[in-house]
Amino acid sequence: MDKHKGPDAGTIRLDDPWYDALAVGWGEGEGGYDGTPPRQPAGAGGPEPEASDSIYLEVQRSAAFQEVRSRYRGFVVPATAGFLLWYVAYVVAATAAPGLMARPVAGAVNVALLAGLGQFLSTFLLTWAYARHARRRRDRAALDLRWTVFEQNRDQARARNRSRGAGR
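One structure accompanies this document, and this report is about it. (Residues numbered from 1 in each chain as written. Predicted model: local features only at pLDDT ≥ 70, side-chain atom pairs only at ≥ 80, totals over all residues. Heavy atoms only, no water.)

### Side note on the overall build of the chain
- Counting its secondary structure elements, the chain contains four helices and two strands.
- When its helices and strands are written in sequence order, the chain yields α-α-α-β-β-α.
- Here the contacts in the chain between residues at least 6 apart in sequence split such that 63% fall between residues at least 24 apart.
- Carbon together with sulfur atoms contributes 62% to the accessible area of the chain, which is approximately 12600 Å² in total. (Helix = DSSP H or I, 4+ residues; strand = E, 2+ residues; numbered from the N terminus. Contact = heavy atoms within 4.5 Å. Areas by Shrake-Rupley, 256 points an atom, 1.4 Å probe, with all protein chains shown as cover.)

Dropping the structure here:
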């Protein structure tokens, strides 16, 4: 949804590209919520796979898509490697150095308990960092790409409908 300024500030775009048309109408019998017939598979009079596939291949080759993917990999690969290293270090220390892990820190709290709680804390911190990174560095660019694909699909469908109408 886009935020609008002016007299249409409360309107919502109904052609939202995040809307999953394939999921609408599941379990409702013959049609969707609005009574429309269910979507037909590609081979049953729907869009030709080659036409829509070319849009996705074009987007995949675009610099904007490559930038989104490199930003994703730039965060996920080091974060995953760091988290796995931290987890393996915890497991190895627990099995190879039981004396170190049993060392008391404060009362009944020992190094193993703190390291185990650190696993949970690091999971939450990593989840927060991933969501923040996605929101700040990738979501806008990914939404722009999705709108591009949505508009190209819509334009192709209109062109197909015009060509079908002209052939009659």
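Following the structure, the description resumes.
### Some thoughts on the nonpolar core
- Counting residues in each nonpolar core, the largest one holds five residues, listed as Ile55, Val59, Val68, Leu145 and Val149.
- For this core, the secondary-structure elements that each account for two or more residues are helix H1 (49–61) and helix H4 (111–166).
- Ignoring any residue separated from it by four or fewer positions in sequence, one finds valine 59 in contact with Phe65, Leu145, Val149 and Gln152. (Core = buried A, V, L, I, M, F, W, Y, C linked by side-chain atoms within 4.5 Å. Buried < 20%, exposed > 50% of the residue type's maximum accessible area, 1.4 Å probe, protein only.)

### A short note on the packing of aromatic side chains
- According to the stated counting rule, one finds two aromatic pairs in the structure shown.
- On the numbers, 5.9 Å between centres and 50° between planes, the contact of phenylalanine 75 with tyrosine 130 is tilted. Of the two residues, phenylalanine 75 sits in helix H2 (residues 63–96) while tyrosine 130 sits in helix H4, which places them 55 residues apart along the sequence.
- Given the relative accessible area of 18%, phenylalanine 75 is considered buried.
- With a relative accessible area of 33%, tyrosine 130 lands in the partly exposed category.
- Centroid distance tryptophan 147 to phenylalanine 150: 5.5 Å. Interplanar angle 85°. Geometry classified as edge-to-face. A residue pair is termed a helical-turn pair when its members lie 3 or 4 positions apart in one helix, as tryptophan 147 and phenylalanine 150 do in helix H4 at three residues.
- Classification of phenylalanine 150 as partly exposed rests on a relative accessible area of 24%. (Phe/Tyr/Trp six-rings, centres within 6.5 Å; stacked < 30°, edge-to-face > 60°.)

### Structural notes on the side chain of serine 122
- Following the sequence through the fold, serine 122 ends up in helix H4.
- Polar contacts involving the side chain of serine 122 include one to the side chain of tryptophan 86, which spans 3.0 Å.
- Among all residues touching serine 122, those that are not within four sequence positions of it are Phe83 and Trp86. (Polar contact = N/O pair within 3.5 Å; in protein donor to acceptor, adjacent residues only side chain to side chain.)

### Looking at a nonpolar patch on the surface
- On the surface, Val105, Leu113, Leu114, Leu117, Phe120 and Phe124 cluster together into a nonpolar patch covering about 630 Å² of accessible area.
- The biggest single contributor to the nonpolar patch is H4, with five residues. (Patch = residues over 30% accessible without salt bridge, like charges linked within 9 Å, V, L, I, M, F, W, Y side chains within 5 Å. Salt bridge = Lys/Arg side-chain N within 4 Å of Asp/Glu carboxyl O.)

### Topic: H2
- The terminal C-alpha atoms of H2, which comprises 34 residues, lie 48 Å apart, in line with the 50 Å expected from a rise of 1.5 Å per residue.
- Buried within H2 are the following residues: Val68, Phe75, Val76, Ala79 and Ala93. (Expected span 1.5 Å × (residues − 1).)

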